[in-house]
Amino acid sequence: MSKGILHYGVGDQVELYLLIKNSTKGIASNGKPFLTLILQDQSGEIEAKLWDVNEEDEKIYAPQSIVKVQGDVQNYRGKNQLRIRQIRSTGPSDQVKLEDFLETAPLSQDQIVSKLTQYIFEMKNPNIQRITRHLIKKHQKAFLEYPAATKNHHEFVSGLAYHVVSMLDLAKAIANLYPSLDKDLLYAGVILHDMGKVIELSGPISTVYTLEGNLLGHITIMINEIGKAAEELGINGEEVLILQHLVLSHHGKAEWGSPKPPLIKEAEILHYIDNLDAKMNMLDRALERVKPGEFTERIFALDNRSFYKPVFHK
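Residues numbered from 1 in each chain as written. Predicted model: local features only at pLDDT ≥ 70, side-chain atom pairs only at ≥ 80, totals over all residues. Heavy atoms only, no water.

Colleague: Outline the overall build of the protein, supporting the account with residue identities and numerical values.
Modeller: Scanning the protein for helices and strands turns up 10 helices and five strands. Reported as C-alpha extents along the three principal axes, the dimensions of the protein are approximately 60 × 45 × 40 Å. Expressed as a percentage of the 314 residues in the protein, the buried residues total 47%. Taking contacts inside the protein between residues at least 6 apart in sequence as the whole, the part at least 24 apart equals 57%. Accessible surface computed for the protein: about 16,300 Å², of which carbon and sulfur atoms make up 52%. A distance of 3 Å separates the average location of the 36 positive side-chain charges in the protein from that of its 40 negative side-chain charges. (Helix = DSSP H or I, 4+ residues; strand = E, 2+ residues; numbered from the N terminus. Buried < 20%, exposed > 50% of the residue type's maximum accessible area, 1.4 Å probe, protein only. Contact = heavy atoms within 4.5 Å. Areas by Shrake-Rupley, 256 points an atom, 1.4 Å probe, with all protein chains shown as cover. Lys, Arg positive; Asp, Glu negative; His and termini not counted. Charge placed at Lys NZ, Arg CZ, Asp CG, Glu CD.)

Colleague: Before we move on, can you summarise unusual backbone geometry with the specific residues and values?
Modeller: Phi at Gln95 is positive, roughly 55°, even though this residue is not glycine. We note that Asn304 has phi near 60°; this positive angle belongs to a residue other than glycine. Considering the arrangement of structural elements, one finds Asn304 in the segment after helix H10 (265–288). Given the relative accessible area of 36%, Asn304 is considered partly exposed.

Colleague: Break down empty space enclosed by the protein for me, with residues and values.
Modeller: All told, the structure shown has one cavity of 30 Å³ or more when counted by the stated rule. Space inside the largest cavity adds up to approximately 110 Å³. Forming the boundary of the largest cavity are 14 residues, of which Lys21, Gln40, Glu155, Phe156 and Pro204 lie nearest the centre. In the lining of the largest cavity, the residues fall into seven nonpolar, four polar and three charged. (1 Å grid on protein atoms, 1.4 Å probe; cavity = no way out; pocket = protein on both sides within 12 Å on 5 of 7 lines; lining within 4 Å. Points joined across faces, edges and corners; volume = space filled by probe spheres on them. Nonpolar A, V, L, I, M, F, W, Y, C, P; charged D, E, K, R; others polar.)

Colleague: For the nonpolar core, give the residues involved together with the corresponding values.
Modeller: By size, the foremost hydrophobic cluster in this structure holds 46 residues, and its most contacted members are Leu116, Ile131, Leu168, Ile191, Leu192, Ile226 and Leu243. Considering every element that reaches this core, the biggest residue donor is helix H4 (residues 159–177), with eight residues. In this structure, Leu116 is in contact with Ile136, Phe143, Val164, Val165, Leu168 and Ile191, ignoring residues within four places of it in sequence. Counting residues in each nonpolar core, the second largest holds 19 residues, with Val14, Ala48, Leu50 and Val53 among its members. (Core = buried A, V, L, I, M, F, W, Y, C linked by side-chain atoms within 4.5 Å.)

Colleague: Could you give an account of the environment of Arg130, with specific residues and numbers?
Modeller: With respect to the secondary-structure elements, Arg130 resides in helix H3 (residues 126–145). Here the alpha-carbon distance between Arg130 and Ala230, two residues 100 residues apart in the chain, equals 8.8 Å. Filtering out sequence-adjacent residues up to four positions away, Arg130 remains in contact with Leu233 and Ile235.

Colleague: Tell me what's going on with the packing of aromatic side chains, and back it up with residues and numbers.
Modeller: Remark: the centre distance and the inter-plane angle together describe each pair of aromatic rings, the angle taken between the planes. Within this structure, the stated rule accounts for four aromatic pairs. Taking the centre distance of 4.9 Å and the plane angle of 80° together, the rings of Tyr119 and Tyr187 count as edge-to-face. Note that Tyr119 is positioned in helix H2 (residues 109–122) and Tyr187 in helix H5 (residues 183–192), a separation of 68 residues in sequence. Residue class for Tyr187 comes out buried when judged on its relative accessible area of 1%. Relative to Tyr308, the ring of Phe295 lies with its centre 5.1 Å away and its plane at 50°, an arrangement referred to as tilted. Taken as a pair, Phe295 in the segment after H10 and Tyr308 in the segment after H10 lie far apart in primary sequence, 13 residues in all. On the basis of relative accessibility, which here comes to 39%, the residue Tyr308 falls in the partly exposed class. Cation over ring: Lys3 sits above Tyr8, and NZ or CZ is 4.6 Å from the ring centre. Above the plane of the ring of Tyr17 lies Lys68, whose end atom (NZ or CZ) is 5.0 Å from the centre. (Phe/Tyr/Trp six-rings, centres within 6.5 Å; stacked < 30°, edge-to-face > 60°. Lys NZ or Arg CZ within 6 Å of the ring centre and 35° of its normal.)

Colleague: Tell me about the domain arrangement of the protein, and please be specific about residues and values.
Modeller: Domain assignment breaks the protein into domain 1 (5–100) and domain 2 (109–282). Averaged C-alpha coordinates put domain 1 and domain 2 at centres separated by 34 Å. The partner domain 2 presents four residues to the five residues of domain 1 that form the contact. The largest contributions to the domain 1 side of the interface with domain 2 come from Lys21, Gln64 and Leu98, which together make up 75% of the buried area. Where domain 1 packs against domain 2, one counts zero residue pairs in polar contact (both at pLDDT 80 or more). Class assignment of the residues belonging to the side of domain 1 that touches domain 2 gives a composition of three nonpolar, one polar and one charged. (Domains from an automatic or database assignment. Buried area = accessible area lost by both parts, 1.4 Å probe. Polar contact = N/O pair within 3.5 Å; in protein donor to acceptor, adjacent residues only side chain to side chain.)

So this is what it looks like as structure tokens:
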């Protein structure tokens, strides 16, 4: 099997089938339209420019289309970019299918469900357990398939649920170190904090923001979902308010998207766990594509820094 696009370096010649994840039209300095394509396979993604396009090209090279591309990898402003020499759309004779190009979480959906079930089983507070179980059941299919974001971290099939189970393992380790933390609140906060993304985002392929996503955002969506769940289950204890606060404050600050800062101990820790897992995912994915002794591409969400991979790393 040929290596994935992630594993090509600057100067390498490329001849691959790739999926168009995103296609954005722009106007060049000469006044002619061009397309910025994000091309992907199971290894990851790369940006490419398609110059001097017409309306027909815009229709052909639309998101979720599979294309055959020839070109080479170059470095542009610190990031790898694919310079296209030839590109064509694919047909039945190419024998390619969409799922062969989708990056997926390293755990299967069955493994993820098993982990989630175990953590919910460990919850001792019946109100917290019932609300959490109810919302997982309500959104289970999308929750197991969706990415955690359109870019930056866990932006792959099942990325959302994988992000959650990674955070749950982290939450358990931290709660064992600091027994004063309420595990029920921490686990429920982890499971529910990003669940609103199943409504905020369009789905696992060529992900974009929905109307609700653009106008409300996943935090507001989830506050409403917790309220509705509590009403349907006849629960009106303080737990409902605390769960809503955990979701509301998990981004940490207003400028990062949280209407309220964390005002409960578990909310503060949830913010750190979320941040740590997201950043580890970004770093691992960026460092995976460089050799020891090299710097990564600039990582926008990490203050636009390039990270060095030490030579003694395997």
